[in-house]
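# Architecture at a glance
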Amino acid sequence: MTAQTDPAQHDPAPAVANLETIVSLAKRRGFVFPSSEIYGGINAVWDYGPLGVELKNNVKRAWWRAMVQERDDIVGLDAGILMHPQVWVTSGHVESFTDPLVECRTDNRRFRLDELPGTERLSQTDLRDPRIVERLRLRCPVDGGELSPPRRFNLMFRTFMGPVEEDASVVYLRPETAQGAYVNFRNVQQSTRKKLPFGIAQVGKAFRNEITPGNFVFRTREFEQMEMQYFVRPERAAELFEEWLPRRHAWYLSYGVTPERLRYREHAPDELAHYARKAVDVEYRFPFGWKELEGVHNRGDWDLGRHAEASGENLSYFDPATNESFIPFIVETAAGADRAAFTFLIDAYREEVVRGEKRVSLALHPDLAPYKVAVLPLLKKRPEIVELCQKIVADLRTDMMAVYDDTASIGKLYRRQDEIGTPWCVTVDVDSLEDGALTIRQRDSMEQQRVPVEGVKRLFVDRLAAARSGI
Ligand code: GAP
């Protein structure tokens, strides 16, 4: 591990001091809205608006490109959200996917024990102590009331399949996408003839009935994961874990996240999830502290071993090179699409004063930016200028998200595009009609460049490709 691990030695300033700055920009510009707002909203569920859906789709595409498209050894999967309920018994989630919950005896408010003030430095062993509330004299952070001893609260959402609401028809909304890959291991391996090591990647919704969701889209009850399960020979698991961890860290860097705001944090033995032999989080310095962005886990043979035993199916792998049959180990990379999009949004936020005025911009990587190009007329009263703009935008749209806007003066239009992270603005002016050239303005440097109209699409396609490959 090379990234910084010791929080005491290293605590850079967050990209924004106050989370409210991002929440308000997100709402005002149409990135994220509270769900069902006209009914007062529903706690911890958010809707992605016109710009947010573009950003999140771009994050998912960038992940898929790096994890599937550009690799020989990883294939994709899209398994159902609802699975056979036995999956969650076998995987250990019915028994162990829990958080410690305490309840205020006065106002019945519920809290996650490990998020109460005064519990920051407690180990998982402490958190399992039934006398912990008494021992530390913990009180309700809202009204100072007495708190109940902790109990384990299962985070899985339950529902019923079919028309009868009885125990026999209980199913769960998946709390992780990973299990879809395990129960399909044999189908995928046999249909693709992949040899170890190989991976199954999946992007999809997951649901957790979090006790204390919050911090905007950081922790929600419905979210999307981007997970990859890498099946390996048992003796290679430790080595391949050490390869995946920096590779995943590097992915965030390649999309522009500030290196000082990323670090690794290894889970203590008593903190490990029930399936993990080793787990290291890639953490980001959010405005509310260092928090998990992605986890890399060595799950050993826990999942395939347990599913093989419970289903009675043979989930071992036959290695023709050595004539051996064995249950592969799994190295998992588990990221959140919402959390990654949130991180890119926060880290891209810039405020500066330009010619006496505040300029807000999002220095998003061009591949992640909702719009790649905005086409703006200098004089919207000249039909030939508007016509040329429309022609350019229509041409660009076959290859990328481009937008036309003439609803304000050029200065205001630039500021609007800066604030939503559009990397390039194209301005068509009176001269363009004579010399067949237009002006390209770069978001971060604000530099302007005159280029021929002819070939402008090629220029942006090339710039996007260059940004993607880090040129
Ligand atoms: N399959 C392993 C697994 O699910 P995890 O660390 O519990 O591991 C992986 O979750 C990632 O999913 C986290 O790093 C985070 O990015 C995202 N995630 C987990 N719970 C979330 C929540 N309640 N809201 C938003 N994202 C969440």
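Residues numbered from 1 in each chain as written. Predicted model: local features only at pLDDT ≥ 70, side-chain atom pairs only at ≥ 80, totals over all residues. Heavy atoms only, no water.

### Focus: the overall build of the protein chain
Note the threshold: Every helix listed is a DSSP run of H or I at least four residues long, and every strand listed is a run of E at least two residues long, numbered separately from the N terminus. Our radius of gyration looks at C-alpha atoms and nothing else; its globule reference is 2.2 Å times the residue count to the power 0.38. Only protein chains enter the calculation, and the probe is 1.4 Å; a residue is then buried if its accessible area is under 20% of its type maximum, exposed if over 50%, and partly exposed in between. Contact criterion: two residues are considered in contact whenever any of their non-hydrogen atoms come within 4.5 Å of each other. Per-residue accessibility takes into account occlusion by the displayed protein chains alone, with areas from the Shrake-Rupley method and a 1.4 Å probe. Note on charges: Lys and Arg go in the positive column, Asp and Glu in the negative column, and His and the chain ends are not counted at all. A charged residue contributes its charge at one atom only: NZ of Lys, CZ of Arg, CG of Asp or CD of Glu.
Helix and strand counts for the protein chain stand at 15 helices and 23 strands. Against the compact-globule benchmark of 23 Å for 471 residues, the protein chain has a radius of gyration of 25 Å, which places it among compact chains. With the principal axes as the frame, the protein chain shows a C-alpha extent of 75 × 65 × 55 Å. Considering the protein chain as a whole, with its 471 residues, one finds that 51% of them fall into the buried category. A separation threshold of at least 6 residues defines the contact pool for the protein chain, and within that pool the share at least 24 residues apart is 66%. Carbon and sulfur atoms form 49% of the exposed surface of the protein chain, whose accessible area is close to 22,300 Å². Of the charged side chains in the protein chain, 64 are positive and 71 negative; the average position of the first set lies 2 Å away from that of the second.

### What about the layout of surface pockets?
Under the convention used in this document: Within this scheme a cavity is a closed region of a 1 Å grid, computed over the protein atoms alone, that accommodates a 1.4 Å probe without allowing it to escape, whereas a pocket is open but has protein on both sides within 12 Å along at least five of seven lines; lining residues each have an atom within 4 Å of a point. Grid points are joined across faces, edges and corners, and a volume is the space filled by probe spheres set on the points.
Counted as a void, the second largest pocket has a volume near 270 Å³. For the second largest pocket, the lining is made up of 14 residues, of which Asp367, Lys372, Asp399, Leu464 and Arg468 are closest to its centre.

### Comments concerning helix α9 (residues 237-254)
Cut-off, in case you're wondering: A helix is expected to span 1.5 Å multiplied by its residue count minus one. By arc we mean the arc of the directions from the helix axis to the C-beta atoms, nothing more.
Taking 1.5 Å of rise per residue, 18 residues should cover 26 Å, and α9 covers 25 Å from first to last C-alpha, within 8% of that figure. Among the residues of α9, those classed as buried are Ala237, Leu240, Phe241, Trp244, Leu245, Arg248, His249, Trp251 and Tyr252. Down the axis of α9, the smallest arc covering the buried residues is 165°, so these residues share one side. Within two residues after α9, Gly256 carries a phi angle of roughly 95°, on the positive side.

### Details of the packing of aromatic side chains
Inclusion rule: Two rings from Phe, Tyr or Trp (for Trp, the six-membered ring) form a pair when their centres sit within 6.5 Å of each other. Planes less than 30 degrees apart are called stacked, planes more than 60 degrees apart edge-to-face, and all others tilted. Here, a charge over a ring means that NZ of Lys or CZ of Arg falls within 6 Å of the ring centre while also lying within 35 degrees of the ring normal.
For the structure shown, the criterion picks out 20 aromatic pairs. Taking the centre distance of 5.5 Å and the plane angle of 55° together, the rings of Trp251 and Tyr255 count as tilted. Each member of the pair, Trp251 together with Tyr255, is buried. An aromatic cluster is present here, built from Trp46, Phe216, Phe218, Tyr284, Phe286, Phe288 and Phe342 joined pairwise through their rings. Above the ring of Tyr48, the side-chain terminus of Lys56 is found at 4.3 Å from the ring centroid. It is Arg441 that lies over the ring of Tyr414; its NZ or CZ is 4.3 Å from the centre.

### Some thoughts on unusual backbone geometry
Residue Pro197 follows Leu196 across a cis peptide bond; omega there is -5°. Within the fold, Pro197 resides in the loop between α8 (185-192) and β9 (198-207). A positive phi angle is found at Asn323, which is not glycine, with a value near 60°. Looking at the secondary structure, you find Asn323 in the loop between β14 (317-319) and β15 (324-326). Asn323 sits in the exposed class, given a relative accessible area of 60%.

### Overview of the site of the ligand
Heads up, the rule is: Residue proximity to a molecule or strand is established when one non-hydrogen atom of the residue lies within 4 Å of it. Polar contacts, as used here, are pairs of N or O atoms within 3.5 Å; protein pairs need one atom able to donate a hydrogen and one able to accept it. Residues neighboring in sequence count only if both atoms are side-chain atoms.
Lining the immediate surroundings of the ligand are 22 residues, of which Glu176, Glu210, Glu227, Glu292 and Glu332 lie closest. With respect to the ligand, the side chain of Glu227 contributes an N or O atom lying 2.5 Å from a nitrogen atom. In this structure, an oxygen atom belonging to the ligand sits 3.0 Å away from a main-chain N or O atom of Leu293. Coverage of the ligand by the protein chains reaches 94% of its 560 Å² of free accessible surface. Those elements that place two or more of their residues in the shell around the ligand are β10 (222-232), β13 (289-300) and β16 (329-336).

### Overview of the pattern of salt bridges
Close approach of charged atoms allows side chains of opposite charge to pair. Spelled out, the test is: Basic side-chain nitrogens of Lys or Arg form a salt bridge, by our definition, when they fall within 4 Å of a carboxyl oxygen of Asp or Glu.
Under the counting rule described, the total for this entry stands at 51 salt bridges. Between Arg247 and Glu243 there is a salt bridge; the shortest N-O distance is 3.7 Å. On the criterion of helical spacing, the pair formed by Arg247 and Glu243 is a turn pair, its members being four residues apart in helix α9. Residue Arg247 is classed as partly exposed on the basis of its relative accessible area of 33%. Arg441 serves as the salt-bridge partner of Asp418, at 3.0 Å between the closest nitrogen and oxygen. Of this pair, Asp418 sits in helix α13 (residues 410-419) while Arg441 sits in strand β22 (residues 437-442), and the two are 23 residues apart along the sequence. By relative accessible area, Asp418 is classed as buried at 0%. Overall, the relative accessible area of 3% leaves Arg441 in the buried class.

Remember, this is a structural readout, not a statement about activity or role.
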